[in-house]
Amino acid sequence: MPLTRTISALVAIVFAFPIVVLGGWYFTLAFGVIIFLGQREIFQLVQAKGILPAAKITLLVSQLLLIFAHVSPSLANAVLPLGGTFICFYLLFQPKFATIADVAASILGLFYGGYLPSYWVRLRDLDSLSTLPLEGFWPSWPLQVATLPTGLTATLLAFACIIGSDIGAYIVGRWLGKTPLSNISPKKTVEGAVSGLFVSILIGMVGSQLLGWPFSPLSGGTLGTFIGITSLLGDLTESLMKRDAGVKDSGDLIPGHGGILDRTDSYVFTAPIVYYFVTLLLPILAR
């Protein structure tokens, strides 16, 4: 990997790890910043196409949605349709007539940029423990995995699968990739995608064993498969938006990576998959 890209990735991991462990409002507020910056990049992409979404009001609704995801997930589900309705009403009363594209881009920003990522907050909050102010948590030593909150271990495992998948796909794709995967992203190859999926499955299998999941390593391998596929789809979706907007990167905030979306696109569709895998499928397997 290029040195700048590697350093940026390591710095991101160093900052992200304690935030994930802390959870509570620390995790929620950090995700609020990421969602805000990511949505701004989404709206910059659509504005490059001459589309005028309700950017400011969508940014506000998304932050409210994230807060409710932490305070009361059931209310977060209500914020999505209510917020979407309010955004449509807002566009109706603008001086310039809103277009179908304006409405669609606004709802895309709310759903893709706000609602789907909010599932990471819901996941981290599962069986949460509070040992610090602002509902923060820090494990006691000696560390015992069995005593850690379910949300913490599941989030760390999911992040590890995504990171492993990205690294595996990038390295193998650069070294051995010859078969193009999709015209959407010409640099992506079948060899890289398969390698990334394999790494995600392997990490899921090992992680499920360490966490004592039922039917491990099969259950962990299944989760790794879901994560490997959805992280790739998230990457391709962002590539589609960039290609349509005619830009190489969604931004230039992160050296060697581009914008926030370029670094977090793999996490968007993955969030609800992991959440419902842990909350719905694992309890069934444990019976």
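Everything numeric in this text was worked out from a predicted model, so none of it was measured.

1. Observations concerning helix H9 (residues 218-245)
Inference 1: End to end, H9 covers 41 Å across 28 residues, agreeing with the expected 40 Å (1.5 Å per residue, within 8%).
Inference 2: With its phi angle positive at about 75°, Gly 246 sits one or two positions after the end of H9.

2. Notes on the pattern of salt bridges
Inference 1: Enumeration according to the criterion identifies 5 salt bridges in this entry.
Inference 2: Salt-bridge contacts for Lys 242 lead to Asp 262; the nearest nitrogen and oxygen are separated by 2.8 Å. Placement of Lys 242 in helix H9 and of Asp 262 in helix H10 (residues 260-264) is noted, with a sequence separation of 20 residues between them.
Inference 3: Of the residues examined, Lys 242 reaches a relative accessible area of 11% and is grouped as buried.

3. Things to note about the packing of H9 against helix H11 (residues 270-286)
Inference 1: In the contact formed by H9 and H11, the axes pass within 10 Å of each other and the chain directions differ by 160°. By the angle class used here, H9 and H11 are roughly antiparallel. The element H9 and its partner H11 pack so that their crossing is right-handed. Facing Ser 219, Thr 222, Leu 223, Phe 226, Ile 227, Thr 230 and Ser 231 of H9, the residues of H11 in contact are Thr 270, Ile 273, Val 274, Phe 277, Leu 282 and Leu 285.
Inference 2: Of the residues assigned to the contact of H9 with H11, the class counts are 8 nonpolar, 5 polar and no charged.

4. A word on the packing of aromatic side chains
Inference 1: Taken as a whole and judged by the stated rule, the model has 12 aromatic pairs.
Inference 2: With a centroid separation of 4.8 Å and an interplanar angle of 70°, the aromatic rings of Trp 120 and Phe 159 are classed as edge-to-face. Residue Trp 120 is located in helix H6 (residues 118-124), and its partner Phe 159 is located in helix H7 (residues 150-176); the two are separated by 39 residues in the primary sequence.
Inference 3: A centroid spacing of 6.1 Å and a plane angle of 35° characterise the contact between Trp 213 and Phe 277, whose relative ring orientation is tilted. Of the two residues, Trp 213 sits in the loop between helix H8 (190-211) and H9 while Phe 277 sits in helix H11, which places them 64 residues apart along the sequence.

Here is what the cut-offs are and how they apply
Residues numbered from 1 in each chain as written. Predicted model: local features only at pLDDT ≥ 70, side-chain atom pairs only at ≥ 80, totals over all residues. Heavy atoms only, no water. Helix = DSSP H or I, 4+ residues; strand = E, 2+ residues; numbered from the N terminus. Expected span 1.5 Å × (residues − 1). Salt bridge = Lys/Arg side-chain N within 4 Å of Asp/Glu carboxyl O. Buried < 20%, exposed > 50% of the residue type's maximum accessible area, 1.4 Å probe, protein only. Axes fitted to C-alpha atoms, helices over the stretch in contact; angles between N-to-C directions. Parallel < 35°, antiparallel > 145°, perpendicular 65-115°, else oblique. Left-handed = near helix turned anticlockwise from the far one by under 90°. Contact = heavy atoms within 4.5 Å. Nonpolar A, V, L, I, M, F, W, Y, C, P; charged D, E, K, R; others polar. Phe/Tyr/Trp six-rings, centres within 6.5 Å; stacked < 30°, edge-to-face > 60°.

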